[in-house]
Amino acid sequence: MYELAARRSVAQPPEWATRQRALFDCFERAVDDFVDDYLDENGEPYWPPDDHVGVDGYDDVIEGFYNWPLVYAMGGDESLLTRARDAYEGALARFERTDTPHGHPMVVDEFEQCRDWFHLGEGNLFTYNMGLAAPGDDLVVERATRFADMYLADSDLDNYDAEQRLVRAPMNGSAGPEYSDLSAFGAQSTFGGYGADYRWASHGLPWRDLEFDNATELLDPDNEGRLFEVYEERCSKGDVPLNLAISSLMTNAYLHTGDDDYREWVTEYLEAWRDRVDRNDGIIPDNVGLSDEIGEYTDGKWWGGMYGWSWGGWHYVGVGTTTAAENATLLTGDRDHLDFHRRQLDHLVDEGIERGDTLYIPHKYGGEGDYHYNGSGLREDDGEILWRDGWYEFKPHRDDPYLFHLWYMSLDEADRERVERLRDWGSREWKQVDVRPSSKHGAGNEWPWLAYLEGEFPEFPERVLEANRTHAQELLDGMREEGREPDTLNEDYLRDRNPVFHRGLLNLTMGAPQPVYYGGLVMAQVRHFDPGRERPGLPAGVAALVERIDSEGIDLTLVNTGPRDQEVVTQAGAYGEHEFTAVEVDGEAPDAGTGAEGGADTEGDADPGTGAGADALRVALPSGTRVSVSAAMDRFVDDPTYAAPWDRA
């Protein structure tokens, strides 16, 4: 661990530092009010009602507080972690009493009974954030390993077939894959109720060989039964790319334990999907039968699977390719794993259509048939969705973060050029921050953040912090106007009112993008710890700003805005996977005499004059001082772990 001290006094902290600490304080107060208003006297959510029967909604409730541990892990108050723990236990209690049509509760053994990894990925973001926030908590570790063990080959649940290297159904969980039944969703299903209007009328039919003339016919309840029949035939068993998000559950367990069984599961399963891509001319198929045959239940078609190329398209397919590629890279240090994801993006680019300066890439693939629906993308002269050689929904690459994650993990110039190539040149300036997130999964700030890192948008730190504070205040104002329990309750009532926004803080303090919302882990350049309190996160009053990220390293500024002297430990990588190889302090090489302390993974080999081989920096920050560090880094060279630097052997 390399040691250095701040020597530059600041009479007035920079605006970004003041705003950053004010945002942490705002979240502390907001969470207290949120819990008082929107959870009952037992700490349980008000939804679902006692007589509710179904299989949907648990993940939505968890989304109402899933990021509180993450904000704590960045430097938020201890109450965020305490409140998050209590809310999670309350949600478990409520959903362990909520029935499904299958004769068991919605949550079994503290995990959803049988869901797809679009929803399981969302709900398990809380699990992963708890790893960052409380890696020494025995219950957190026990749950992380127990959840991952449900997918090991020796589990009695049979979620995973090790011989064929496949997950046995698109829906799986703590009750196994035997309850993959969308008819169980009832009136709130993806098919029925609001789903017929919300899903199919806007996204189109996933199968073009049915007897329906257009998607709006699914608004007729008499047609729903037929759709369930087709689903049962084609999508109730076998593997789909979305299951690649299980790699995060396994990686999470590895980060806690270092058990190679979890790492080997990730690489084995990814290799199986690589083989399927090779068998399908370089395109990932969206359905694989239990015999590992592509299109086994779809008449040999490689499209038409659940949440596949014709059912949500790249928005869902990209979840699996992104998470699996970055998790395998983290666990092995081999960035060649990113080719798995890159290859799919390049296929879409090759099929793209240029209009002006913008490339419209296809987001879906399907057979010939009716494409008249209320979807987005380029259209034919008659108003029908443009369909070309099977590809359709041609539109710019906007909110999905998959492109940014490829560049961020590789920091390769060719991947940076891909980002530029897929920019939507006609929609908006890069130098713009939205007060309200454009979506829960992308948030829309990746573009202006990148402009900031490249020196084109120096106002970004202040703008994004201002936007996050404004959005939080809007929700707090709404809480006051609404009073206590909302008049109308549904599964989204907590998520829609959650006043905590972590994305700007991730960008600024850790140099990290928004994780893939459907089950990705935080990938970061640095992570901060408070050695005085032996906890993760920036100490009280300390603000951090990552100002440069490239293949050579990072620039980082730390400011102590508070009245007390502080110490900060800044780790290379979210999980200690990187190393600092050289350090400049305030534009100069540090004094050789200041020394490097032999820390974990370095065994005293860090060069005191350069920081070479150090996995972390220990920075002394007297009150009212700042320090700017320029650090060269080797990435993905150390074994990743949730453990704090002082706990690594």
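Note that the coordinates shown come from a computational prediction; the quantities given were computed from them, not determined experimentally.

Undergrad: Looking at this structure, how should I read the packing of aromatic side chains?
TA: Pairs of aromatic rings are described using the distance from one ring centre to the other and the angle between the two planes. Summed over the entire model, instances satisfying the criterion amount to 37 aromatic pairs. Taking 5.3 Å as the distance between ring centres and 65° as the angle between the ring planes, the aromatic pair formed by Phe 118 and Tyr 307 counts as edge-to-face. Taken together, the residues Phe 118 in helix α5 (residues 117–123) and Tyr 307 in the loop between α11 (260–279) and α12 (314–332) connect sequence positions 189 residues apart. Judged by its relative accessible area of 3%, Tyr 307 is buried. Both rings, one in Tyr 575 and one in Tyr 642, keep their centres 5.7 Å apart while their planes meet at 75°; by these two values the pair is edge-to-face. On the criterion of sequence distance, the pair formed by Tyr 575 in the loop between β15 (566–572) and β16 (579–585) and Tyr 642 in the segment after β18 (625–634) is long-range, its members being 67 residues apart. Residue Tyr 575 shares its accessibility class with Tyr 642, and that shared class is buried. Ring pairs connect the aromatic residues Phe 34, Tyr 38, Phe 65, Trp 68, Tyr 88, Phe 126 and Tyr 493, which therefore count as one cluster. Positioned over the ring face of Tyr 297 is Lys 237, at 4.3 Å from the centre of the ring.

Undergrad: What am I meant to see in the packing of helix α4 (residues 78–95) against helix α7 (residues 138–149) here?
TA: For the pair α4 and α7, the least separation of the axes is 14 Å and the interaxial angle reads 45°. On the basis of their axis angle, the class for α4 and α7 is oblique. Seen from above, α4 lies across α7 with left-handed handedness. In this structure, α4 uses Tyr 88, Glu 89 and Leu 92 to contact α7, whose residues at the interface are Leu 139, Arg 143 and Phe 147.

Undergrad: Which parts of the structure should I look at to understand the environment of Tyr 297?
TA: The residue Tyr 297 is located in the loop between α11 and α12 in this model. Of the residues examined, Tyr 297 reaches a relative accessible area of 19% and is grouped as buried. In contact with Tyr 297, not counting residues within four places along its chain, are Glu 233, Arg 234, Lys 237, Gly 238, Gly 289 and Leu 290. In this structure the side chain of Tyr 297 is engaged in a polar contact, spanning 3.1 Å, whose partner is the backbone nitrogen of Leu 290.

Undergrad: Whenever I open this one, unusual backbone geometry confuses me. Can you help?
TA: What is expected of a backbone is that most residues other than glycine have negative phi and most peptide bonds are trans. For the peptide bond that leads from Trp 47 to Pro 48, omega is 5°, which places it in the cis range. Examined against the element boundaries, Pro 48 turns out to sit in the loop between α1 (15–38) and α2 (58–62). Positive phi outside glycine occurs at Asp 299, with the angle close to 55°. Mapped onto the secondary structure, Asp 299 falls in the loop between α11 and α12.

Undergrad: Would you explain helix α14 (residues 402–410) in this entry?
TA: Along an α-helix, a turn takes 3.6 residues, which lines up residues three or four apart on a common side. Counting buried residues along α14, 9 of its 9 residues qualify, which places the element largely inside the surrounding structure. Listed in full, the buried residues belonging to α14 are Tyr 402, Leu 403, Phe 404, His 405, Leu 406, Trp 407, Tyr 408, Met 409 and Ser 410. Considering only its buried residues, α14 is in contact with α12, α13 (338–350), α15 (413–421), α16 (446–453), α18 (503–510) and β13 (542–549). One or two residues past the end of α14 sits Leu 411, with phi positive at roughly 50°.

Undergrad: Would you mind going over a negative patch on the surface with me for this structure?
TA: Negative charge collects at one region of the surface, where Asp 149, Asp 154, Asp 156, Asp 158, Glu 178, Asp 259, Asp 261, Glu 264 and Glu 268 lie side by side. The leading source of residues in the negative patch is α11, at 3 residues. Secondary-structure assignment places Glu 264 in helix α11. By relative accessible area, Glu 264 is classed as partly exposed at 47%.

Undergrad: Just to check I follow, could you spell out the pairing of strand β10 (residues 391–395) for this structure?
TA: Along any regular strand, the residues point their side chains to alternate faces of the sheet. The element β10 is largely enclosed, with a buried count of 4 among its 5 residues. Here strand β8 (residues 358–365) runs beside β10; their pairing, made up of 4 bridges, is antiparallel. In the sheet register, Tyr 365 faces β10, and the bridge partner there is Trp 391. The hairpin turn running from strand β9 (residues 387–388) into β10, its antiparallel successor, is 2 residues long, and Asp 389 in that turn takes a positive phi close to 55°.

Conventions we followed
- Residues numbered from 1 in each chain as written.
- Predicted model: local features only at pLDDT ≥ 70, side-chain atom pairs only at ≥ 80, totals over all residues.
- Heavy atoms only, no water.
- Phe/Tyr/Trp six-rings, centres within 6.5 Å; stacked < 30°, edge-to-face > 60°.
- Helix = DSSP H or I, 4+ residues; strand = E, 2+ residues; numbered from the N terminus.
- Buried < 20%, exposed > 50% of the residue type's maximum accessible area, 1.4 Å probe, protein only.
- Lys NZ or Arg CZ within 6 Å of the ring centre and 35° of its normal.
- Axes fitted to C-alpha atoms, helices over the stretch in contact; angles between N-to-C directions.
- Parallel < 35°, antiparallel > 145°, perpendicular 65-115°, else oblique.
- Left-handed = near helix turned anticlockwise from the far one by under 90°.
- Contact = heavy atoms within 4.5 Å.
- Polar contact = N/O pair within 3.5 Å; in protein donor to acceptor, adjacent residues only side chain to side chain.
- Patch = residues over 30% accessible without salt bridge, like charges linked within 9 Å, V, L, I, M, F, W, Y side chains within 5 Å.
- Areas by Shrake-Rupley, 256 points an atom, 1.4 Å probe, with all protein chains shown as cover.
- Salt bridge = Lys/Arg side-chain N within 4 Å of Asp/Glu carboxyl O.
- Lys, Arg positive; Asp, Glu negative; His and termini not counted.
- Charge placed at Lys NZ, Arg CZ, Asp CG, Glu CD.
- Pairing = 2+ DSSP bridges.

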